[in-house]
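# Architecture at a glance
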Amino acid sequence: MKKLMTGNEAIARGAYEAGVKYASAYPGTPSTEILENVALYKDDIVAEWATNEKVALEAVIGGSMAGARTLASMKHVGVNVAADPLFTFAYTGVNGGMVLITADEPGMHSSQNEQDNRNYAKFAKIALMEPSTSQEAKDMLKVAFEVSEKYDTPVLYRVTTRLCHSKGIVECNDREEVGIRDYIKNPQKNLTVPAHARVRRVAVEERMKALETFSNNTDLNYYEINDTKVGVVSSGMCHVFAKEVFGDEASYMKLGFTNPLPIEKIKEFASKVDKIYVIEENDAFIEEQLKANGIDCIGKDVLPTSGEMTPDVLRESIFGKTNDVIEFNEELVVPRPPGLCAGCPHRGFFYELGKRKNTMITGDIGCYTLGFAAPFNAMDTVVCMGASLSSGHGAQKVFNMKEDNKMRVVGVLGDSTFFHTGINSLLDVVYNNGNSISVILDNRITGMTGHQENPGSGYTLQGEPTNEVDMEALVKACGVKHVRTIDPNNLKEVKETLNWAYELDEASVIITRWPCVLKSLSKQDIEEFNNPFKTKCEVEAESCIGCKLCMKVGCPAISFNKETMLSSIDKNQCVGCMTCAQVCPKQAISNKSLSKGVN
């Protein structure tokens, strides 16, 4: 059976065919769809969203120790969160096979940094594999589990954005049922007190020697001899990019198993070609090792050290030219920066917060990060998941050291991010007698990555009803005395609540609670929020004075006509949140019910 699949879909199929029993992840582009597709095999695989990547990896480590084949997936920065258990699990080894998928993002399409997670495999001393196509993404994953169990190692499975989201034809096979191995108590292997870990440290080095032999003999690493004037050594999507550029005018060393590198096989390839290019995205991971082993090659001295190594980049870097492109008048292209959706519940909050003087706003990772942009200008920093509250606490502590301090710090993060690592940050604020203001934007879902469930949504990944965390009760349990839950679409309530928080000299939390406008509403949502998104706003032309104040709420449904000097609202986008109506000085904006014929 053949199917057209993205790399992420193919990885999920590979997990199914390999007999995986348990999988866990935290959503993050470009990895999100991996677990979403694994979850579709609910008769064979238990798939769960974890609260963060560290928890996801720890859960699958437990499943592996218990004897099942397990899988964790996350984006590249997620591995930073999961690094603590990863490095220790490298010492203990596996029972059932365990694969950790890292979805790296050269070019930072939707990430706060660019990092090459192949370094984690070298650092942790574990096996590393890199597929290049959707077919390989499926097939090599099955081999990864075999390698994991044979060599008693976690396997890091590196993919990148282009592989995750591009599509290819995949030959699918039946599931291979792999039984759950017996669990045998073995503290000397699995309980990493220093006395045990010292012994395991030696075992890790012995494992790396065995993996090096495997790397030099496996068909995952092979070369293809064509024209011998140029040889290309590459892995992952770079192999596909290189073949598009060089075609048959070069020979290729294709690396699928990249830690340890097959140095002997690469030396053999090098002896057959005149010149070698090492093409890899981000770090000189392969290049440095080749040069350290006396293999002369060209790499980052010619190629960029950041971004994607797309065919155009390779042509420009190596040949000094690109393919011909269609010329156009760039002045006619209208810039379309990303913005909050029409009806986004974050709009009203950022509209009011952005007007505050003497305020530092520490932000976080989510679609609400767009609060930094005009017209809100309501975010000053973003570091990593959960950092808004803790960095905000530190900033407020420093501001408080100044005489006659007037600066207030407001830390802002979403509900899923709060569950991810924000709880620990809030505990730090409370424990250390902080007085910063913490805001949790509860839009009832994990919005930025495509509406994944979380502990506050009431459902699991595989659609089962579950215990919904009471956000306000959780915040109070952390020790916060001053907590308010508000409707962010009510500008008066938002303003009054911010005034209340600014006057306090103790830690406070504001929870803005309203569902994401794109969310598939549950019965509970419909009841709690009185059947939202069932009205449309419209501008009464005779009352509009052209003041443009409605444009300051940054809603994409609102436009201003310079000829008529009037505002108008696109009813195809509007959902009747009424934020714009509240800022209109002439009450020129009203809303109509959909039941009254508004389309």
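Here's what I pulled together on the structure shown here. (Residues numbered from 1 in each chain as written. Predicted model: local features only at pLDDT ≥ 70, side-chain atom pairs only at ≥ 80, totals over all residues. Heavy atoms only, no water.)

### Describing the packing of helix H15 (residues 387-400) against helix H16 (residues 415-431)
Worth spelling out the cut-off: Orientation is described by lines fitted to C-alpha atoms, with helices fitted over the stretch in contact, and by angles between N-to-C directions that extend from 0 to 180 degrees. The secondary structure listing takes helices from DSSP runs of H or I that are at least 4 residues long and strands from runs of E that are at least 2 residues long, numbered from the N terminus. Should an angle lie under 35 degrees it is considered roughly parallel, over 145 roughly antiparallel, and from 65 to 115 roughly perpendicular; all remaining angles are considered oblique. Whether two residues are in contact is decided by their heavy atoms, any of which lying within 4.5 Å being enough. Each residue is assigned to one class: nonpolar for Ala, Val, Leu, Ile, Met, Phe, Trp, Tyr, Cys and Pro, charged for Asp, Glu, Lys and Arg, and polar for all the others, Gly among them.
One way to put it is that H15 packs onto H16 with a least axis distance of 7 Å and a crossing angle of 20°. As the angle between them shows, H15 and H16 are arranged roughly parallel. When H15 is examined against H16, the residues Leu 389, Ser 390 and His 393 are found in contact with a partner set consisting of Phe 418, Gly 422, Ser 425, Leu 426, Asp 428 and Val 429. A class-by-class count of the residues in the contact of H15 with H16 yields four nonpolar, four polar and one charged.

### Overview of the sheet that holds strand S5 (residues 98-104)
Our working definition: Note on pairing: DSSP must find at least two bridges between two strands before they are called paired.
One open sheet holds the seven strands; their spatial order is S3-S2-S4-S5-S7-S6-S12, and the pairing between them is mixed. Edge strands, defined here as strands with exactly one partner in the open sheet, are strand S3 (46-49) and strand S12 (257-259). Sheet twist, expressed as the average angle between the axes of neighbouring strands with direction ignored, equals 25°. With four bridges joining them, strand S2 (residues 22-25) and S3 adopt parallel strand pairing. Bridging from a neighbouring strand, Ser 24 pairs with Glu 48 of S3. Each of strand S4 (70-75), S5, strand S6 (127-129), strand S7 (155-160) and S12 touches helix H6 (residues 134-150); the most contacted strand, S7, lies at about 165° to it.

### Structural notes on unusual backbone geometry
Residue Pro 260 is reached from Asn 259 by a cis peptide bond, and omega for that bond is 0°. When you line up the elements, Pro 260 lands in the loop between S12 and helix H11 (263-270). Between Ala 374 and the following residue, Pro 375, the backbone shows a cis peptide bond with an omega angle of 5°. Position of Pro 375 relative to the elements: it lies in the loop between strand S14 (359-362) and H15. One non-glycine residue, Lys 125, adopts positive backbone phi at about 65°. Mapped onto the secondary structure, Lys 125 falls in the loop between helix H5 (118-124) and S6. Even without a glycine there, the phi angle at Asp 152 is positive, about 55°.

### Comments concerning the nonpolar core
Applied cut-off: In this text, buried Ala, Val, Leu, Ile, Met, Phe, Trp, Tyr and Cys residues form a nonpolar core when linked through side-chain atoms within 4.5 Å. Summary of the burial criterion: residues with accessible area below 20% of their type's maximum are buried, those above 50% are exposed, and those between are partly exposed, where the area comes from a 1.4 Å probe applied to protein chains only.
Of all hydrophobic cores here, the largest spans 61 residues; its most connected members are Val 38, Leu 71, Val 99, Tyr 157, Phe 246 and Ile 279. Look past the residues within four positions of Leu 71 in its chain and what remains in contact with it is Ala 15, Val 20, Tyr 22, Ala 23, Ser 24, Val 38, Val 60, Val 99, Ile 101, Leu 141 and Phe 145. Counting 54 residues, the second largest nonpolar core, distinct from the first, contains Leu 353, Val 494, Ile 510 and Ala 581.

### Focus: the sheet that holds strand S17 (residues 482-486)
Taking strand neighbours across the sheet as the criterion, the five strands line up as S14-S15-S16-S18-S17 in an open arrangement whose pairing is parallel. Strands with a single pairing partner mark the edges of an open sheet, and in this sheet they are S14 and S17. Within the sheet, the average angular offset between the axes of one strand and its neighbour, ignoring direction, is 20°. In the sheet, strand S16 (residues 437-442) pairs with strand S18 (residues 508-513) via six bridges, with the strands oriented parallel.

### What to know about helix H3 (residues 53-65)
Selection criterion: Every helix has an expected span of 1.5 Å times one less than the residues it contains. Here, the arc refers to the directions that run from the helix axis to the C-beta atoms.
Between the first and last C-alpha of H3 there are 18 Å, a value that for 13 residues agrees with the 18 Å anticipated at 1.5 Å per step. Among all positions of H3, only Glu 53, Ala 56, Leu 57, Val 60, Ile 61, Gly 63 and Ser 64 are buried. What you see down the axis of H3 is that its buried residues fit within an arc of 160°, all on one side. Each element contacted by the buried residues of H3 is listed here: S2, S4, helix H4 (76-92), S5 and H16.

### Things to note about the packing of aromatic side chains
Using the following cut-off: Centres within 6.5 Å are what make two rings of Phe, Tyr or Trp a pair, Trp counting through its six-membered ring; a difference in plane orientation under 30 degrees is then read as stacked, over 60 as edge-to-face, and the rest as tilted. Whether a charge sits over a ring depends on NZ of Lys or CZ of Arg being within 6 Å of the ring centre and within 35 degrees of the ring normal.
The tally for this structure, following the rule as stated, stands at twelve aromatic pairs. Centroid distance Tyr 16 to Tyr 41: 4.5 Å. Interplanar angle 15°. Geometry classified as stacked. Placement of the pair is Tyr 16 in helix H1 (residues 7-17) and Tyr 41 in the loop between helix H2 (32-38) and S3, with a sequence separation of 25 residues. Tyr 16 sits in the buried class, given a relative accessible area of 17%. With a centroid separation of 5.1 Å and 65° between ring planes, the pair formed by Trp 514 and Phe 529 is classed as edge-to-face. Placement of Trp 514 in the loop between S18 and helix H19 (523-528) and of Phe 529 in the loop between H19 and strand S19 (535-539) is noted, with a sequence separation of 15 residues between them. Both residues of the pair, Trp 514 and Phe 529, belong to the buried class. What links up through ring pairs into an aromatic cluster is the set Phe 87, Tyr 120 and Phe 123. For the cation-ring pair, Lys 243 lies above Tyr 252, with the distance from its terminal atom to the ring centre recorded as 5.1 Å.

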